Amino acid sequence: EKNDEIIPPLPAPAQEEEDDALDDWEDAADDWESSEQTLKIAQLADLAHQGEDEEDLADAELQAEKERLRLAGLALKEREEKKRLAEEERARLAAVAEEEKDRVNHEVETKIMAARAQRLEREKKNEEARSLDRLRAPICCIMGHVDTGKTKLLDKIRQTNVQDGEAGGITQQIGATYFDKATLVEKIKPVREFLESHEKKPSAIDSILFSQDSNLSDADSLRLPALMIIDTPGHEAFSNLRSRGSSLCDMAIVVVDLMHGLEPQTLESISMLKRKRTPFVVALNKIDRCYDWKPIEGASIRSSLATQAEHTRQEFQQRFEQCSVELNEQGLNVSLYWENTDPKTYVSIVPTSAITGEGVPDLLRTVLSLTQQRLAEKLMWCATLQCTVLEVKVVEGLGATLDVILVNGTLFEGDTLVVCTQEGALVTQARALLTPPPSRETRVKTELIKHERIEAAVGLKITGPNLDKVVPGTSVFVCGPDDSLDDLKEEVMRDVSALVSSLATEDHGVSVQASTLGALEALLEFLRNPGKDRDGKERAPIPVFSASVGPIYKKDVIRASVMGKKGHEEYACILGFDVPVDRDARAHAEEVGVQIFTADIIYHLENHFTRHLDDIMERKRNEARDIAVFPVLVRISPKHVFNAKDPIVVGVTVDDGILKVGTPLCIPHNGFLDVGVVQSIECNHKEVDRVKKGQECAIKIVNQANPTLTYGRQFDATHTLYSKLSRASIDALKAYFKDDLSNEDWKLVIKLKKVFSII
């Protein structure tokens, strides 16, 4: 019932209020929607404005970038233009500089050529101005073998004793001695006295300075102002210095030992003089060694011979004839000087004694006579300077000095000198010109005489700055007011070309040290061309790996040790000629196995090295004995089989080759059957080490690998036994036993190579 009850409507005012409230909510909603839309629109507008601003900014940046690139391009173009202009300017300046350089070089070359032409013209005029009225001192060389008495002869002439102060009595440096005219006249006086005391007609050579129909004295007839003698070292080690001396000398004296005749270096000297076409006389020295010789001090040789006993004269004649034959074999016509009727075609022999002085006056007189007669034109004094450096020496108080031979021209104190050094041409000044007193050699320590000017020919010492590196054997030039230094520098360096080839070294060999460049040249020449030994056998050249001047230091030992590392232990050594050895160097040499040999005579160095090689070879031979198998073919004698089983003892005949103890034997025609090794050989009831082709002997063969091997079962007398060769054994033979095998033996080696298929 309650559910059916009707609810009465609400009063009207309340309904209106409710409607008004609803309208208010609707208006508020409309207002809210209206304000949100406005906000969105505003935001969108702001975004649009912001986008426009960013676009404007991007456009501005783009324009700025374009402008920057444009400006950069303009700057780059400007820089490239500047660079191009700069390069063009540089090229222009380089072309101008090159043109200027060419012009300057052309001017310099023109000046040099003009100066050279002027110098050559001046030399030509000097040559034409020479006269027979003015001769220079002839330059004479003394040459010959070791120990023939060259220096003793000079000592006798000078009355000095240089030789006792020299190593082994052999001259080691070139010395020069100047003999003035007065000294020479005094020295040759005994010959004149002999000629005046004999009525016999004087010989062709005697008559040059002496005439029985004339009252002229030796001083009047001798037109030479002086005599200059270069004492060239005697042994063949100094062949290059002798060549240098020969080019300087006008006349040579070849000293021959009367007792020994011609020796290797004598032959070498003669051949070189013939090659250089230098006239010479032979001094037949040591005549006082003839049995029962009665000396007459300083006499003419003819006077001495006349006083000797008959048997002494016969011995002299016999030895003289023997030496003459040896000289004839060298293509020389020879004669005793007083028997020489044709000095142009016959070489004069002057017997001498350096001990008693006999024959020395004859020797001097012969040299003077021949030079005055035959070389007068060559000896005409010339104003053109011709000066050669012999040695560079450091003298206490003077520093480095030059020992020179002034052949022609005049030197003045203070002259500007152009000399050749190891580093190029050197311009220096002659501070002092020094000579020893007359008849004293430049090596003898005496007070030196100072000169303001000095004329040729003379040996002198020059002092000046920076002379320590001057190359001995080169020329000295003086730069005058009209000369070009560049011209003289070019001229003086031409001398070096020959030295460069002589100092060239090889890939493997010994290291060499010497006290001076001249000594180094001599040592290198000796090692490369050692010539013949005293038995006449050719000696093998010794290769040189490095060469230098001065004491031996640790660095030199390190350099020499390279040879040992390369497998050439025989060359891991240093040959030092007249040089000291540093203590550290010697200690390091012992550590690394480098041998250091020093000597003050060159051929002693060669002996040291030869012994060193022999020791190494002997050691290697001993090591190779087990490897080296000598070639042999052996035939068994069936009637002489003493033991058929191991050890097999049989009689054999060597059909070919050499049978040695230790030779392994096999039979190639029986499947290369190994017979065994030869343990011993007996020949004529004596144990021997080897037997040769054609010999018969008994041998014991041991076969450790096959002790059951029996003669008559596996092999017999029909089988020839061959030595078992291999590649290694042939190589060992070639390396260490080459001289032990004859040509026939080597042919057998070739035959066995085919048998054993050895490549």
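Below: a short report on this structure. This is a predicted model, so every value here is computed, not measured.

### Digging into unusual backbone geometry
- Note the cis peptide between Asp646 and Pro647, where omega equals -5 degrees.
- As for its placement among the helices and strands, Pro647 is situated in the loop between β22 (632–643) and β23 (648–660).
- We note that Asn684 has phi near 55 degrees; this positive angle belongs to a residue other than glycine.
- Structurally, the position occupied by Asn684 is in the loop between β25 (673–683) and β26 (686–688).
- You can call Asn684 exposed: its relative accessible area is 67%.
- A positive phi angle is found at His685, which is not glycine, with a value near 65 degrees.
- Secondary-structure assignment places His685 in the loop between β25 and β26.

### Examining the side chain of Ser723
- Here Ser723 is to be found in strand β29 (residues 721–723).
- Accessibility expressed as a relative area gives 0% for Ser723, which makes it buried.
- In this structure the side chain of Ser723 is engaged in a polar contact, spanning 3.0 Å, whose partner is the backbone oxygen of Phe630.
- For Ser723, the residues in contact, after removing those within four places along its chain, are Val629, Phe630, Pro631, Val632, Thr663, Pro664, Leu665, Leu752 and Phe756.

### Some thoughts on the sheet that holds strand β21 (residues 595–599)
- Taken in spatial order, the 4 strands of this open sheet run β19-β18-β20-β21, and their pairing is parallel. Of all the strands in the sheet, the pair left with one neighbour each is β19 (544–549) and β21. Strand-to-strand twist in this sheet, taken as the mean axis angle between neighbours without regard to direction, amounts to 15 degrees.
- Pairing between strand β18 (residues 510–514) and β19: 5 bridges, direction parallel.

### Side note on the packing of helix α2 (residues 150–158) against helix α11 (residues 360–374)
- Remark: α2 packs on α11, axes separated minimally by 11 Å, with the N-to-C direction vectors making an angle of 95 degrees. Relative to α11, the element α2 lies roughly perpendicular. Across the interface between the two elements, Leu153, Lys156 and Ile157 from α2 touch Val360, Leu363 and Leu364 from α11.
- Residue composition of the contact of α2 with α11, grouped by class: 5 nonpolar, no polar and 1 charged.

Cut-off values and rules
Numbering of residues starts from 1 in every chain and runs along the sequence as written. Confidence filtering applies because this is a predicted model: local features only for residues at pLDDT of at least 70, side-chain atom pairs given and counted only at 80 or more, and all residues used for totals across whole chains, interfaces and linings. Note that water and hydrogens are dropped before the side-chain values are worked out from all heavy atoms of the structure. Strands are runs of DSSP state E lasting at least two residues, helices are runs of H or I lasting at least four, and both sets are numbered from the N terminus onward. The buried label applies to any residue whose accessible area, calculated with a 1.4 Å probe on protein chains only, is under 20% of its type's maximum; exposed applies above 50%, and partly exposed to all values in between. Nitrogen and oxygen atoms within 3.5 Å of one another constitute a polar contact, given that in protein one can donate a hydrogen and the other can accept it, and given that sequence-neighbouring residues count only through two side-chain atoms. Here, residues are in contact when the closest pair of their heavy atoms is within 4.5 Å. A strand pair is defined by DSSP finding two or more bridges across the two strands. Each axis is a line fitted through C-alpha atoms, taken for helices only over the stretch in contact, and angles between the N-to-C directions span 0 to 180 degrees. For this classification, under 35 degrees means roughly parallel, over 145 means roughly antiparallel, 65 to 115 means roughly perpendicular, and everything else is oblique. Polarity classes work like this: nonpolar for Ala, Val, Leu, Ile, Met, Phe, Trp, Tyr, Cys and Pro, charged for Asp, Glu, Lys and Arg, and polar for all others, with Gly in that last group.

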